[in-house]
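# Fold and contact review
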Amino acid sequence: MSTSIHRSVRRTAALGAALVIGIAGLSACGANDDDNGDNGDGGGSGDGASDNGGGATSGTIALLLPESKTTRYEAFDKPMFEAKVADLCPDCKVDYYNADQDEAKQAQQMTTALNDGAQVVVLDPVNGEGATGMVEEAQGQDVPVIAYDRLITNADYYMSFDNETVGKMQAEALVDAVGEAGDILMLNGSPSDPNAAQFKTGAHSVLDDSDLTIVEEYDNPDWSPENAQQWTSDQLSKYDPSQIAGVYAANDGQAGGVVAALTGAGVALDALPPITGQDAELAAIQRILAGEQAMTIYKPIRIEAETAAEVAVELLGGGEVSGTSETGIEQTEYEGVPSYIFTPIVVTKDNVADTVIKDGFYTAADVCTGDYADDCQAAGIS
Ligand code: GAL
């Protein structure tokens, strides 16, 4: 067994001590670290989950996602996770919850999920720090928690894209696109989202050493496009739009709000300054092709959702999970939590065809609607 996990998984359902059966790429080993003395089946398990240390043949997994304004969660994370679980464990059930950016609602959803028999929880927290109590609640019932996309420091496992690199890539692309000294606005993500701090750190590490000057900076409390638009409009009453050489927006939703504010202040679509983004949302890909947004960050979500499904199904079988995932990602440790970290990809007009289209994240038909048909043709997308 190639485990390098130093922490103990509290769920103690499994036996078969040293037996390692990795039905997929990962392997789960039976917990021999029974720390609650009951030497047996943890609460919430026992309705058929495999006890041989391999992936389960049945059981209940709860998936808790944070919001629905960013399109990735409902359009990609949820269906891709569910499909992979169905593939690995046809008799497993996934109970899905979306918190709509409401921390209290998410805490309630955790309680409901546990009451409804969840044996493993995959949790993308609205508030990373605030979610430690939710993790304790689950672990107190011997239910392991996978922190999905956003770190929770007491989770059993964590997976995400390399978030600091995301911020660096965005900032480097902005510096390149502006191409000279100039004043920029900076819109970061929600302070309750641990990823937002990492994007911000990465971006500052590049911007602070560049010829760009951040004249105003904003931490958007809920990532919302509406707040981004309002804040940017407010800045444009202080600064002439022609003074703004570029805008760092931490995600595509906010980039959309920035475009609305700038055009609302009289800037023509073909005279927008370079604007960054993240998530490869469809509207952002179209703006990139039309020259209205400089770049986005494409996170191939399938790898994240499928790794989460794989770990969750292995955990249903009991014990610890180690090794390299079926998706080819080696387990590492991040802040003491066994982790899987994925690589983000920069998308500009030049590589839309080779990234999101080639991967089937979007079809040409999705992107090349109406006025975008000509832009698609120019970018070699058909
Ligand atoms: C982050 C996530 C990003 C993005 C952002 C809101 O936590 O990593 O991909 O969805 O929330 O846009």
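Residues numbered from 1 in each chain as written. Predicted model: local features only at pLDDT ≥ 70, side-chain atom pairs only at ≥ 80, totals over all residues. Heavy atoms only, no water.

## Brief notes about helix 1 (residues 72-88)
- Look at helix 1: 23 Å from first C-alpha to last across 17 residues, which is about the 24 Å you get at 1.5 Å a residue.
- Along helix 1, the residues that are buried comprise R72, Y73, F76, D77, M80, F81, K84, V85 and L88.
- Buried-residue contacts for helix 1 involve strand 2 (58-65), strand 3 (91-98), strand 4 (120-123), strand 5 (145-148) and helix 9 (301-316). (Helix = DSSP H or I, 4+ residues; strand = E, 2+ residues; numbered from the N terminus. Expected span 1.5 Å × (residues − 1). Buried < 20%, exposed > 50% of the residue type's maximum accessible area, 1.4 Å probe, protein only. Contact = heavy atoms within 4.5 Å.)

## Here we look at the sheet that holds strand 4
- Strand order in the open sheet formed by seven strands is 3-2-4-5-6-13-12, with mixed pairing between adjacent strands. Two strands in the sheet have a free side with no partner beyond their single neighbour: strand 3 and strand 12 (332-334). Taken pair by pair, the neighbouring strands of this sheet meet at an average axis angle of 25 degrees, ignoring direction.
- Sheet topology note: the strand 6 (residues 157-161)/strand 13 (residues 337-342) ladder contains four bridges and is parallel. Residue M159 lies in a different strand from strand 13, and its bridge partner there is Y340. (Pairing = 2+ DSSP bridges. Axes fitted to C-alpha atoms, helices over the stretch in contact; angles between N-to-C directions.)

## A short note on helix 3 (residues 132-139)
- Taken together, the buried positions of helix 3 are M134, V135, A138 and Q139. Along helix 3, the residues classed as buried sweep out an arc of 135 degrees about the axis, all on the same side.
- Next to the buried residues of helix 3 lie strand 2, helix 2 (103-115), strand 4 and strand 5. (Arc of directions from axis to C-beta.)

## A look at the site of the ligand
- Taken together, 13 residues are adjacent to the ligand, and D149, R150, D193, N251 and D279 come closest.
- D279 has a polar side-chain atom sitting 2.7 Å from an oxygen atom of the ligand.
- Protein chains bury 100% of the 300 Å² of accessible surface belonging to the ligand in isolation.
- Of the residues assigned to the shell around the ligand, the class counts are three nonpolar, four polar and six charged.
- When residues of the shell around the ligand are sorted by domain, at least three fall in each of domain 1 (5-23 + 163-299 + 345-378) and domain 2 (34-158 + 300-338). (Near = heavy atom within 4 Å. Polar contact = N/O pair within 3.5 Å; in protein donor to acceptor, adjacent residues only side chain to side chain. Areas by Shrake-Rupley, 256 points an atom, 1.4 Å probe, with all protein chains shown as cover. Nonpolar A, V, L, I, M, F, W, Y, C, P; charged D, E, K, R; others polar. Domains from an automatic or database assignment.)

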